[in-house]
Amino acid sequence: TYSYLQVAAASKLQTRADLAHAEVVVLVKRLARQHHSAALAQLASRVAAVLQYGAQNGEDPFVKVKGLIQDMIAQLEEEAAAEAQEKAYCDEQLAKTKAKKEELDDNIEKLTVKIDQATSKSAKLKEEVQELESELAALTKLQAEMDKIRQETHADFVTAKDDLELALQGVRKALGVLREYYGGAALLQGGSAMASMMQQPALPPAHAKATGAGQGIINILEVVESDFATNLAKVESEEADNQETYATLTQEYKVLKTKKDQDEKYKTQEFTSLDKSISEWSSDKDTLSTELAAVMDYYGKLKDRCIAKPETYEERAGRRQAEIE
């Protein structure tokens, strides 16, 4: 009887322990299914093994089970801390990288606007310089033509003046001779009257002078002299007008050329400076673009590491907390 009671009590205790063991395993497995937790599923398997083999050795299996649970909680908490640290790192790096990307985008856009504006202005200045060069070439050509015409007209004037002065000199010399000759005839005629009055003999017929014809020639030469003098005055006046016009136009061309030379100089300096700035800005833009490409590459890797996951951090943190509880 005594042996039967002991066996019965032992069997009863064994049955209760088996139920407790099964309840623990079922509970952990149910939690694993509920939370879709691989960690809890693994824990259930390990607990089942410990309960089975620990009971066979006569040891208290729940001591090991509690140890397994405590180890699992510590592991989950360690993973939670590591993931929280990773989350903080990701948030910080994503924010910094995004800010850097926006800064680089803004700087590149500003440089692009500056380069486009400077390029447009430089092209316009180069067109204006080209027009100025054409105008200056036209002015130079016009001045050369005007110089040639002035030289030709002046040479014509010198020739005409020399001819007129020579002709006028000859006419005046002829007039002087004729006036002297025929003036002397008149004097001789007047002297003949006085001689008759003084009862002097008349001059021989061979020395008689045709004073009437001489006066006609003198009159014609005086007209010629007047014409030559008028023409000389006219060509001298035309020469003076031509010289004045030439001097005025030359001065105007000189002033205009100086102005256009200065415009060309300043515009050339300006577009040269712009081209230099464009080159520097383009180099800066290339550097920024290279930096942006590196940032974008890093940004993509950060997204893969921090964002491209099947569930969010919040979801993972909630699931892990449920596992720990």
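The rules we used
- Residues numbered from 1 in each chain as written.
- Predicted model: local features only at pLDDT ≥ 70, side-chain atom pairs only at ≥ 80, totals over all residues.
- Heavy atoms only, no water.
- Helix = DSSP H or I, 4+ residues; strand = E, 2+ residues; numbered from the N terminus.
- Buried < 20%, exposed > 50% of the residue type's maximum accessible area, 1.4 Å probe, protein only.
- Contact = heavy atoms within 4.5 Å.
- Areas by Shrake-Rupley, 256 points an atom, 1.4 Å probe, with all protein chains shown as cover.
- Core = buried A, V, L, I, M, F, W, Y, C linked by side-chain atoms within 4.5 Å.
- Expected span 1.5 Å × (residues − 1).
- Arc of directions from axis to C-beta.
- pLDDT = per-residue confidence, 0-100.
- Salt bridge = Lys/Arg side-chain N within 4 Å of Asp/Glu carboxyl O.

Chemist: Just checking my understanding: could you explain the overall build of the protein chain for this structure?
Modeler: Summing up its helical and strand segments, the protein chain has five helices and zero strands in all. Each helix and strand of the protein chain, ordered N terminal to C terminal, gives the series α-α-α-α-α. When each of the 325 residues of the protein chain is scored for burial, the buried share is 22%. Counted over contacts in the protein chain with a minimum sequence separation of 6, partners at least 24 positions apart contribute 86%. Accessible surface computed for the protein chain: about 22,300 Å², of which carbon and sulfur atoms make up 57%.

Chemist: Just checking my understanding: could you explain the nonpolar core for this structure?
Modeler: In globular proteins that are soluble, nonpolar side chains generally tend to be buried together. With 15 residues, the main nonpolar core has Leu-43, Val-47, Leu-51, Val-65, Leu-68, Met-72 and Leu-76 as its most contacted residues. Those elements giving two or more residues to this core turn out to be helix 1 (2–35), helix 2 (38–56) and helix 3 (61–197). Broken down by element, this core gets its largest block of residues, seven residues, from helix 2. Apart from the residues lying within four places of it in its own chain, the contact partners of Leu-68 are Leu-43, Arg-46, Val-47 and Val-50. Of all hydrophobic cores here, the second largest spans 14 residues; its members include Leu-104, Leu-111, Ala-118 and Val-295.

Chemist: Explain helix 5 (residues 313–324) to me, please; I cannot follow it from the model alone.
Modeler: One full turn of an α-helix is made of 3.6 residues, so residues set three or four places apart face in the same direction. Its 12 residues give helix 5 an end-to-end C-alpha distance of 16 Å, which sits within 8% of 16 Å, the value for a rise of 1.5 Å per residue. When helix 5 is considered as a whole, its buried residues turn out to be Arg-316, Arg-320, Glu-323 and Ile-324. The buried residues of helix 5 occupy an angular sector of 95 degrees when the element is viewed end-on, so they sit on one face.

Chemist: Even after reading the chapter, I still don't get the side chain of Glu-239, so can you show me in this structure?
Modeler: Mapped onto the fold, Glu-239 is located in helix 4 (residues 211–306). Exposure remark for Glu-239: the relative accessible area of 10% places this residue in the buried category. Not counting chain neighbours up to four residues away, the residues in contact with Glu-239 comprise Arg-150, Thr-153, His-154 and Phe-157.

Chemist: Would you explain the confidence of the model for the protein chain in this entry?
Modeler: For residues with low pLDDT, the predicted coordinates do not support detailed interpretation. Chain-level statistics for the protein chain give a pLDDT mean of 82 and a share of 81% at 70 or above. Mean pLDDT per element in the protein chain: helix 1 is the minimum at 65, and helix 4 is the maximum at 92. Scored below 50 in pLDDT, residues 7–13 makes zero contacts in the model with residues more than four places away or belonging to other chains. Counted against residues more than four places away or in other chains, residues 186–208, with its pLDDT under 50, gives five contacts.

Chemist: Explain the pattern of salt bridges here, please?
Modeler: Any two side chains of opposite charge can pair, given that their charged atoms come close. Enumeration according to the criterion identifies 17 salt bridges in this entry. A salt bridge links Glu-165 to Lys-161, with the nearest nitrogen and oxygen atoms 3.9 Å apart. Placement of both Glu-165 and Lys-161 in helix 3 is noted, with a separation of four residues, approximately one turn of the helix. Owing to a relative accessible area of 33%, Glu-165 belongs among the partly exposed residues under this scheme.

Chemist: Where do I start with the environment of Gln-117 in this structure?
Modeler: Checked against the element boundaries, Gln-117 lands in helix 3. Of the residues examined, Gln-117 reaches a relative accessible area of 54% and is grouped as exposed. Between the C-alpha atom of Gln-117 and that of Ile-278, which follows or precedes it by 161 residues, the distance is 9.7 Å.

Chemist: It is not clear to me how the environment of Ile-115 should be interpreted in this structure. Could you clarify?
Modeler: Relative to the elements of secondary structure, Ile-115 occurs in helix 3. With residues near it in sequence (within four places) discarded, Ile-115 still touches Ile-278, Trp-281, Ser-282 and Lys-285.

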